[in-house]
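An overview of the molecular structure
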Amino acid sequence: AGTVDGVEYLDEKGDKKTQDGVIVVDSTTTTWGNGWYVVNGTVRIDSRINTGSDVHLILADGCQLTASEGINVNANRSLTIYGQDGTSGAIGKLSATGGRSYAGIGSGQGSNSGTITINGGDINAAGGYCAAGIGGGGDWNGDSNNPGGNVGAITINGGIVKAEGGYRGAGIGGGNMKPSS
């Protein structure tokens, strides 16, 4: 993946900003280190995306990112998602679906989630079994020593957000353990 300069985005106050040195996300970009990323087209990533400690994602107008195994944001890590102003087409979209015990956007089984901030875009996040849509993972094994993790700060400043938890998981918040048989 290459980098681009002058990528526009709206910050947490809705003010237009630009960023240089932004990495363009493609289907092979499964580890997002610290820095800035942009989705410029239709991109599908079929493995869980892992984030660094400070990741910024810009959803360009008219783009679509499908993270079919979700986006991992564990404790001591942060993901901030930005949209653009919508003047050059539909706002950018992100669809993230977690697998068993994994949040759509957040942590996995028994792990604490980090900080998640949404400033824009059209976000659709679904948690796997016992996991949150956005936030904490769950424990589908029912191991009381490995329950769903603690949830870091989740802030929504703008955009369109739909979050649906898996069985017993919150839409936004924590995961849960599988009930005992």
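Residues numbered from 1 in each chain as written. Predicted model: local features only at pLDDT ≥ 70, side-chain atom pairs only at ≥ 80, totals over all residues. Heavy atoms only, no water.

**Examining the overall build of the protein chain**
Quick reminder of the rule: Helix and strand assignments come from DSSP, with helices taken as H or I runs of at least 4 residues and strands as E runs of at least 2, each series counted from the N terminus. To get the radius of gyration, use the C-alpha atoms; to get the globule rule, take the number of residues to the power 0.38 and multiply by 2.2 Å. Type-normalised accessible area, obtained with a 1.4 Å probe on protein chains alone, sets the label of each residue: buried when under 20%, exposed when over 50%, and partly exposed for intermediate values. Areas reported as accessible are Shrake-Rupley estimates using a 1.4 Å probe. Residue values count occlusion only from the protein chains shown. Working convention for charge: Lys and Arg count positive, Asp and Glu count negative, and His plus the chain ends are omitted. A charged residue contributes its charge at one atom only: NZ of Lys, CZ of Arg, CG of Asp or CD of Glu.
When helices and strands are counted, the protein chain shows zero helices and 20 strands. Taking 2.2 N^0.38 as the reference for a compact globule, 181 residues should give roughly 16 Å; the C-alpha atoms of the protein chain span a radius of gyration of 16 Å, in line with that estimate. If you line up the protein chain on its principal axes, its C-alpha atoms span 55 × 25 × 25 Å. With 181 residues in all, the protein chain has 44% of them scored as buried. Taken as a whole, the protein chain presents about 7700 Å² of accessible surface, with 41% of it coming from carbon and sulfur. Side-chain charges of the protein chain comprise 11 positive and 16 negative groups, with the mean position of each set lying 9 Å from the other.

**What to know about the environment of threonine 80**
The condition is simple: Should any heavy atoms of two residues lie within 4.5 Å, those residues are considered in contact.
Turning to its location among the elements, threonine 80 is positioned in strand β12 (residues 78-83). Owing to a relative accessible area of 11%, threonine 80 belongs among the buried residues under this scheme. Beyond its immediate chain neighbours, meaning those up to four positions away, threonine 80 contacts Val55, His56, Leu57, Thr117 and Asn119.

**Re the pairing of strand β9 (residues 55-59)**
Within a regular beta strand, the side chains point alternately toward one face of the sheet and then the other, so they alternate between its two faces. For the record, the criterion: Any two strands with at least two DSSP-identified bridges between them are counted as paired.
Extensive coverage of β9 is indicated by the burial of five of its five residues. Side-chain alternation along β9 places Val55, Leu57 and Leu59 on one buried face and His56 and Ile58 on a second face that is also buried. Of the strand pairs in this sheet, strand β6 (residues 35-39) and β9 are connected by five bridges, and their pairing is parallel. Opposite tyrosine 37, over in β9, you have leucine 57 as the bridge partner. Note: β9 against β12, five bridges, orientation parallel. Across the sheet, the residue bridging to leucine 59 is glycine 83, located in β12.

**Comments concerning the packing of aromatic side chains**
As a reminder, the rule being used: Classification of ring pairs rests on two measures: the distance between centres of Phe, Tyr or Trp rings, Trp counted by its six-membered ring, which must be within 6.5 Å, and the angle between planes, read as stacked under 30 degrees, edge-to-face over 60 and tilted in between. For a ring to carry a charge above it, either NZ of a lysine or CZ of an arginine must fall within 6 Å of the ring centroid while also lying within 35 degrees of the normal to the ring plane.
Summed over the entire model, instances satisfying the criterion amount to five aromatic pairs. Summarising the aromatic geometry, the rings of tyrosine 9 and tryptophan 36 are spaced 5.0 Å apart at their centres and angled 45° between planes, so their arrangement reads as tilted. One end of the pair, tyrosine 9, is in strand β2 (residues 7-10); the other, tryptophan 36, is in strand β6, with 27 residues separating them in the sequence. Assigned by exposure class, tyrosine 9 and tryptophan 36 land together as buried. In this structure an aromatic cluster arises from ring pairing among Tyr9, Trp36 and Tyr82. The lysine or arginine in question, arginine 100, covers the ring of tyrosine 129, its NZ or CZ lying 4.9 Å from the ring centre.

**Quick notes on the sheet that holds strand β10 (residues 64-67)**
The line we're drawing: Here an axis means a line fitted to C-alpha atoms, over the contact stretch when the element is a helix, while the angle between two N-to-C directions is reported on a 0 to 180 degree scale.
Strands sit in the order β7-β10-β13-β16-β19 across an open sheet of five strands; the sheet is parallel. Strands at the two margins of the open sheet, each flanked by one partner only, are β7 (42-45) and β19 (160-164). Sheet twist, expressed as the mean angle between neighbouring strand axes with direction ignored, is 5°. Note that β10 and strand β13 (residues 93-97) share four bridges and pair parallel. Pairing of threonine 66 across the sheet is with serine 95, part of β13.

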